[in-house]
Amino acid sequence: MKFCCSLRLGLSALLLVTSGFLWSAEDKGLFWHVTSSAGTAYVLGTIHFADQSFYPLRKEIIDAFEKSDVLIGELDAEALDGKKIAKILAKETQLPKGETLKDHLNDEVYKELKQYFQQENVPFKSVERTKPGWLMMQIMTRYIQKLGYNAKDGLDRHFMQRAQGKKEIIGLESLVEQLRLFLELDDADALVSETLRSINTMDSELAALVKSWKKGDEQQLELLLIKKPLLTEPKAKPYFDRFIWQRNKKMAKKISLLLKEPKRYFIVIGSGHLVGNQSVLAELAALGMQVERH
C-alpha cells in the first residue's frame, strides 16, 4: 500500500517531530507557557535543522531558559554522547547478519536505489546492509544539508549544550525508542520509492513549513503537517497515530508528572507535536494544565 502524498509530507514532518530550522530574534516561532498547581514550564516548538545565521534567539525565550531549573527535550543528554550514539546506531540500524537491502526491496526499487547512490558517488556496498528506514532518514538528512542546514545548529542541540553541566536534563524518549519507531516500518518499497521521487521536489513544501513556523502560524502548520495529508490520503491515519499522536500522549503524561514538582522547566519539542487537537499541549490541557501562547 502506497501513501505517496502522505509519505512525502511525512518525510518533511520528520524534521519537526524527531530529535530548529530557521530562527532569529525577529521570528515569532512557537512558544507557550504551561502551569500546574505546582510547577511551571515554557515550551518551545522546534525544527531540528538550522544554521548559525538564525541566532541569537528571541530574548523572551533566552530569559525563560536561563531562569529554568530543568531542561526537558525529546532526548536526554545521551544525545550529546557521540561514542554512545555510535554504538546504538551500529546495533539498531544494520540488517541482521546475512541480509542485505536486496532481501527487503523488490527488484525495481532496489535498482532505483542503486542508481541514486551511483549518481551521488556513494559506494552502494557501504549502505547495502543498512535498514531501509534509517537509510531513507540519511538520504533526507543529506538533502537538507545540501540546502545549508544541519542538526548541530538545531535548537534542540543548542539548548542541550547550554544546559550540560549546569541544569538537570530530562528526556521524554530514548534514542533507541525513536530509532525503532522509524526503523520498524511495514512497507519498505513504498518508503524508498517515494523518498527517491520526492527529495528533489520538496523545496516548496519545506519553504512553506519554514515560513509558517517563522510566523508562528500554528494553524497553517497543522494544515500542512496533518490536515492536508490526511485529507489527501485518509488511509495514512495509522502513520500519524504511530509517529505523532501516540507519542504526544506519552510525552504529555511524563510532563504532567514532572510538573507536580515546584520547579521551572524549559521544554524543547518538535513543532509537529505541538499543533492540532491531539497535540502535547492539548493533552496537557486535558490533564488540567493551564496553557498560554506567548
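Residues numbered from 1 in each chain as written. Predicted model: local features only at pLDDT ≥ 70, side-chain atom pairs only at ≥ 80, totals over all residues. Heavy atoms only, no water.

Engineer: Got a minute to help me understand helix H4 (residues 107-119) in this structure?
Structural biologist: Side chains three or four residues apart in an α-helix point the same way, a direct result of the helix having 3.6 residues per turn. Between its first and last C-alpha atoms H4 spans 18 Å; for 13 residues at 1.5 Å apiece the expected length is 18 Å, and the two agree. Listing the buried residues of H4 in full gives Val-109, Tyr-110, Leu-113, Tyr-116 and Phe-117. Buried residues of H4, viewed axially, fall in a sector of 120°; they line one side. Away from its buried face, by an angle of more than 90 degrees, H4 presents the exposed residues Asp-107, Glu-108, Lys-111, Gln-118 and Gln-119. Summarising the contacts, the buried residues of H4 are in contact with helix H5 (132-146) and helix H8 (188-198). With a side-chain oxygen lying 3.1 Å from the backbone nitrogen of Glu-108, the N-terminal cap of H4 falls on Asn-106. (Helix = DSSP H or I, 4+ residues; strand = E, 2+ residues; numbered from the N terminus. Expected span 1.5 Å × (residues − 1). Buried < 20%, exposed > 50% of the residue type's maximum accessible area, 1.4 Å probe, protein only. Arc of directions from axis to C-beta. Contact = heavy atoms within 4.5 Å. Polar contact = N/O pair within 3.5 Å; in protein donor to acceptor, adjacent residues only side chain to side chain.)

Engineer: It is not clear to me how the packing of aromatic side chains should be interpreted in this structure. Could you clarify?
Structural biologist: Aromatic ring pairs are defined here through the distance separating the ring centres and the angle between the ring planes. Evaluation of the coordinates by the stated rule reveals nine aromatic pairs. Consider the rings of Phe-31 and Phe-266, whose centres lie 6.4 Å apart with planes at 50°: the pair is tilted. Taken as a pair, Phe-31 in strand E1 (residues 30-35) and Phe-266 in strand E5 (residues 264-270) lie far apart in primary sequence, 235 residues in all. For Phe-31, a relative accessible area of 0% gives the class buried. Pairwise contacts between aromatic rings join Phe-31, Tyr-42, Phe-65, Phe-159 and Phe-266 into one cluster. If you follow Lys-167 out to its NZ or CZ, it ends over the ring of Phe-65, 5.0 Å from the centre. In this arrangement the basic side chain of Arg-293 is found over the ring face of Trp-32, its NZ or CZ atom lying 5.1 Å from the centre. (Phe/Tyr/Trp six-rings, centres within 6.5 Å; stacked < 30°, edge-to-face > 60°. Lys NZ or Arg CZ within 6 Å of the ring centre and 35° of its normal.)

Engineer: Would you take a moment to explain the layout of surface pockets for this structure?
Structural biologist: Unfilled space is identified by rolling a water-sized probe across the atoms. Taken as a whole, the second largest pocket holds about 280 Å³ of empty space. Residue lining of the second largest pocket: Leu-172, Glu-173, Glu-177, Gln-178, Arg-180, Leu-181, Glu-184, Arg-242, Gln-246, Arg-247, Lys-250 and Met-251, and that is the complete set. Those elements giving two or more residues to the lining of the second largest pocket turn out to be helix H7 (175-183) and helix H11 (237-258). For the lining of the second largest pocket, the element with the highest residue contribution is H11, accounting for five residues. Here the residues of the lining of the second largest pocket are counted per class, giving three nonpolar, two polar and seven charged. (1 Å grid on protein atoms, 1.4 Å probe; cavity = no way out; pocket = protein on both sides within 12 Å on 5 of 7 lines; lining within 4 Å. Points joined across faces, edges and corners; volume = space filled by probe spheres on them. Nonpolar A, V, L, I, M, F, W, Y, C, P; charged D, E, K, R; others polar.)

Engineer: Explain the nonpolar core to me, please; I cannot follow it from the model alone.
Structural biologist: Generally speaking, a soluble globular protein has its nonpolar side chains buried in company with each other. Leu-71, Leu-113, Phe-117, Phe-159 and Phe-266 are the most contacted members of the largest nonpolar core, which has 86 residues in total. If sequence neighbours within four positions are ignored, Phe-159 has contacts with Leu-44, Leu-57, Ile-61, Phe-65, Leu-71, Phe-266 and Val-268. (Core = buried A, V, L, I, M, F, W, Y, C linked by side-chain atoms within 4.5 Å.)

Engineer: How do you make sense of H8 when you look at a structure like this?
Structural biologist: Counting buried residues in H8 gives nine out of eleven residues, a clear majority hidden from the surface. Those residues of H8 that fall on the buried side of the exposure criterion are Ala-188, Ala-190, Leu-191, Val-192, Ser-193, Glu-194, Thr-195, Leu-196 and Ser-198.

Engineer: Please clarify how the pattern of salt bridges should be interpreted in this entry.
Structural biologist: Any two side chains of opposite charge can pair, given that their charged atoms come close. Taken as a whole and assessed by the stated rule, the structure comprises 13 salt bridges. Ionic pairing is found between Glu-218 and Arg-293, a salt bridge with its closest N-O pair at 2.7 Å. You can see Glu-218 sitting in helix H10 (residues 218-232) and its partner Arg-293 sitting in strand E6 (residues 290-293), a full 75 residues away along the chain. On the basis of relative accessible area, Arg-293 is assigned to the partly exposed category, the value being 27%. With a closest N to O distance of 3.3 Å, Glu-283 and Lys-249 form a salt bridge. On the criterion of sequence distance, the pair formed by Glu-283 in helix H12 (residues 280-286) and Lys-249 in helix H11 is long-range, its members being 34 residues apart. With relative accessibility at 17%, the residue Glu-283 sits in the buried group. Residues participating in the shared-partner salt-bridge network are Glu-74, Glu-173 and Arg-247. (Salt bridge = Lys/Arg side-chain N within 4 Å of Asp/Glu carboxyl O.)

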